[in-house]
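If you want the building blocks of each chain, they are given just below.
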Amino acid sequence: MEDISLHLLDLAQNSISAGASLVEIFIVEDTHKGQMIVTLRDNGHGMDESQVKRVTDPFFTTRNTRRVGLGIPLFQASAEATGGQMYIKSCKGRGTEIKAVFHTTHIDCLPLGRVDDTILSLILLNPEINFVYSHKKQDKHFLLDTRQIREVLGQVSIENPSVIEWIRKYLSDGLEEINGGV
Ligand SMILES: Nc1ncnc2c1ncn2[C@@H]1O[C@H](COP(=O)(O)OP(=O)(O)OP(=O)(O)O)[C@@H](O)[C@H]1O
Ligand SMILES: [Mg+2]
């Protein structure tokens, strides 16, 4: 995988396949500690204990079109390549949480990439699903919650081009700000 935002796109796809109506992505960057924690949480159908154990094994997948599921093992490998770790918590019928710790000063740490593009694509491709994107960096915090946007929109669809354009700008301005831009 080229960057972490593409991993997130892939993991969110699992959540959507699991019937989630809410997908939450949390990123916490601590530049002093050289650590980044990336969490994806959904309210999909979850996995039981044995599925969770097997999910980090690339020969386990419930897809029947193809034998090997690689999304989670690749995410785990990217975290472990930096000396970090990945954790999965899942509860059948309730949802799943996947969390990975990246050591950002490690030479093999992937760049974060365009999380704003990932979030925008997820919203555009899945207008019926709600997304939360929370990004903390030191004392700065950016938050996007499509439930709040929908509340303001009332009858207007989130797919409306001017709404999408507003979300795109809100994301890019917000990220520029937490990354120290103007
Ligand atoms: N969020 C989730 N909720 C419920 N089940 C999940 C979730 N994420 C993964 N799984 C289960 O774990 C399996 C492995 O996931 P993984 O992303 O590694 O591979 P895949 O989605 O099957 O294939 P690929 O990602 O390579 O297209 C999935 O097939 C699914 O059964
Ligand atoms: Mg997958």
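Look up a bit, the structure's there.
Analysis parameters
- Residues numbered from 1 in each chain as written.
- Chains lettered and ligands numbered in written order.
- Predicted model: local features only at pLDDT ≥ 70, side-chain atom pairs only at ≥ 80, totals over all residues.
- Pairing = 2+ DSSP bridges.
- Helix = DSSP H or I, 4+ residues; strand = E, 2+ residues; numbered from the N terminus.
- Core = buried A, V, L, I, M, F, W, Y, C linked by C-beta atoms within 7 Å.
- Buried ≥ 20, exposed ≤ 12 C-beta atoms within 10 Å, placed from the backbone.
- Contact = placed C-beta atoms within 7 Å.
- Axes fitted to C-alpha atoms, helices over the stretch in contact; angles between N-to-C directions.

Let us look at the pairing of strand β5 (residues 130-137). For strand β1 (residues 22-30) and β5, the ladder comprises eight bridges, and the chain directions are parallel. Within β5, the position partnered with Val23 by the bridge is Phe131. When β5 meets strand β6 (residues 140-145), the two strands line up antiparallel, connected through six bridges. Bridge assignment links Lys136 to a residue of β6, and that residue is His141. Here β5 folds back onto β6 in antiparallel fashion, the turn holding two residues, of which Gln138 has a positive phi close to 50 degrees.

Residues Leu8, Ala12 and Ile119 are the most contacted members of the largest nonpolar core, which totals 30 residues. The set of elements that each furnish at least two residues to this core consists of α1 (4-17), β1, β2 (35-42), α3 (71-80), β4 (95-103), α4 (115-125) and β5. Look past the residues within four positions of Leu8 in its chain and what remains in contact with it is Ile25, Leu40, Val115 and Thr118.

What follows concerns the sheet that holds β6. Spatially, six strands are ordered β3-β4-β2-β1-β5-β6 in an open sheet, and the strand pairing comes out mixed. The two strands at the open ends of the sheet, each matched to only one other strand, are β3 (85-91) and β6. Each neighbouring strand pair of the sheet contributes to a mean axis angle of 10 degrees, computed without reference to strand direction. Where α3 meets the sheet, its contacts fall on β3 and β4, and the angle it forms with β3 comes to roughly 145 degrees. Contacting β1, β5 and β6, α4 runs over the sheet at an angle of about 170 degrees to β5.

Honestly, that's just the spatial picture; any functional story needs more than this.
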